[in-house]
Structure formats: C-alpha cells, structure tokens
Amino acid sequence: MSSQYAVYEEKMRKTLEVLKHEFTTIRTGRPSAAVLDKVTVDYYGAMTPIQQLANISSPDAHSLLITPYDNSVLKGVEKAILASDVGITPQNDGKAIRLTFPPLTEERRKELTKQVAKYAEEAKVAIRNVRRDAMDDFKAQKKKSEMTEDDYKVAEKDIQNLTDKIVKEVEAECEKKEKELLEI
C-alpha cells in the first residue's frame, strides 16, 4: 500500500483500538478493573478517574477491591459507581469498597451480546466514514488533475480492500467477545 493511504489506515486502526477498549469495559463474569475506566469521581472540584484515586485489586474470582489513597474520597467513589452503568452495587466497609460480580444470567448475557454488536456496528460505520473521506479526497485530487483516472480507480480499489480488511478484524473482535460472554 502506498504512503498516501497510511493516514486512512491509521484512522481505521484507531477505530479498531477504541472498539477493543470499549469491549474491555463490558462486564463479563470475571472481574476486571477496566469496567471502572469510564467512572470518574468529583475530587476537589475536578472529575478524576477512579484509577488515579485508588488501588484496584481482585482479591478473588468474583470481586474487585477499591482502596482509595485518601479515605476522604471513599463516599465520592461509592456515589460515582452507583451513578455509573457498571450495574453493581458497591459495598463500603469504611476503608475500601468491594464490588462483587454475580454470575451473569442468560438475559444479561443477551443484553451484553447486543451491546457488543452495537459497538461493533458503530466501529464499522466509523471505518466506512474514513473510507468515504478518503474517496472524497481522491475525487478532489482527480478534479484538480493531481491524480489520473487510472490512479483514482486504483486508489478506490485499494481503500475498499483496506476497509474490508479492517471490517473483518472488527467482526473477529466482535465474535471473540460474544464467545467470551457465552462461555462464562
């Protein structure tokens, strides 16, 4: 592939990375600190990610333990988790917060599978938008006579092949996450 496609490939790859990160925030049966990635706490007037305010560990196979570095933020962390879409009620013992992950019900698995499919579809749309932008750029170059008709056809084909390749990777990630949800 030509270096003129590198910028578009990079944008498509970034979309794929964002999708992978979104998938880590989807709770499976195993506890993962990634479910707290989107949770922020009001800490002295600034919205701060929990990871910056506390140590997050997994003492057993079904729970996370959040131990704030500063005990004064404990109530704020608890409120932030309750207000978030984590879907788990925090248990505050005065020193730390415990999140116990119950086994997933069949209904919850189906909901999460739909959420995975939705994220994957959003990623595919974003990738197609990058392809459209690339084609618009190539059309503009052709119109300004910076690109020949033959070069335009080659570029169109190459960008489509790149799009297809990245979309296949998105689908593979989606299948992997859905399989993970159904295996638990």
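The following refers to the structure shown. This is a predicted model, so every value here is computed, not measured. (Residues numbered from 1 in each chain as written. Predicted model: local features only at pLDDT ≥ 70, side-chain atom pairs only at ≥ 80, totals over all residues. Heavy atoms only, no water.)

Secondary structure summary: the protein contains five helices and six strands in total. In the protein, the order of α-helices and β-strands from amino to carboxyl end is α-β-β-α-β-β-α-β-β-α-α. Expected size for 184 residues packed as a compact globule is a radius of gyration near 16 Å; at 22 Å, the protein overshoots this value by more than 25%. Structurally, the protein occupies a C-alpha span of about 70 × 40 × 20 Å along its principal axes. Counting only residues that meet the buried cut, the protein has 38% of its 184 residues in that class. A fraction of 63% describes how many contacts in the protein between residues 6 or more apart in sequence connect residues 24 or more apart. (Helix = DSSP H or I, 4+ residues; strand = E, 2+ residues; numbered from the N terminus. Rg over C-alpha atoms; globule rule 2.2 N^0.38 Å. Buried < 20%, exposed > 50% of the residue type's maximum accessible area, 1.4 Å probe, protein only. Contact = heavy atoms within 4.5 Å.)

This part is about the sheet that holds strand β5 (residues 91-92). Strand order across the open sheet formed by four strands is β3-β4-β6-β5, with antiparallel pairing between neighbours. The strands lining the two open edges of the sheet, one partner per strand, are β3 (54-60) and β5. Two strands pair when backbone bridges link them, and β5 and strand β6 (residues 97-100) are joined in this way by two bridges, in the antiparallel orientation. Bridge pairing in β6 links asparagine 92 to isoleucine 97. (Pairing = 2+ DSSP bridges.)

What follows concerns the packing of aromatic side chains. Pairs of aromatic rings are described using the distance from one ring centre to the other and the angle between the two planes. Within the structure shown, the criterion is met by three aromatic pairs. Taking the centre distance of 5.9 Å and the plane angle of 85° together, the rings of tyrosine 5 and phenylalanine 138 count as edge-to-face. In this pair, tyrosine 5 sits in the segment before α1 (6-24) while phenylalanine 138 sits in helix α4 (residues 106-143), placing the two residues 133 residues apart along the sequence. With a centroid separation of 4.8 Å and 65° between ring planes, the pair formed by tyrosine 43 and tyrosine 44 is classed as edge-to-face. (Phe/Tyr/Trp six-rings, centres within 6.5 Å; stacked < 30°, edge-to-face > 60°.)

Listed as buried for helix α3 (residues 74-83) are Leu74, Val77, Glu78, Ala80 and Ile81. Projection of α3 onto a plane perpendicular to its axis shows the buried side chains occupying an angular sector of 165°, all on one side. Counted as exposed and oriented over 90 degrees from the buried face of α3: Lys75, Lys79, Leu82 and Ala83. (Arc of directions from axis to C-beta.)

Our next topic: the nonpolar core. Soluble, globular proteins show a tendency: their nonpolar side chains are buried together. By size, the foremost hydrophobic cluster in this structure holds 28 residues, and its most contacted members are Leu19, Phe23, Phe138, Ile159 and Val170. Contributing elements (two or more residues each) for this core: α1, α4 and α5 (149-183). Of the residues forming this core, the biggest block, 10 residues, is contributed by α4. Residues within four places of phenylalanine 138 in sequence aside, it is in contact with Gln4, Tyr5, Tyr8, Met147, Tyr152, Ala155 and Ile159. Membership of the second largest hydrophobic core comes to 20 residues, among which are Val39, Ala54, Leu64 and Ile88. (Core = buried A, V, L, I, M, F, W, Y, C linked by side-chain atoms within 4.5 Å.)

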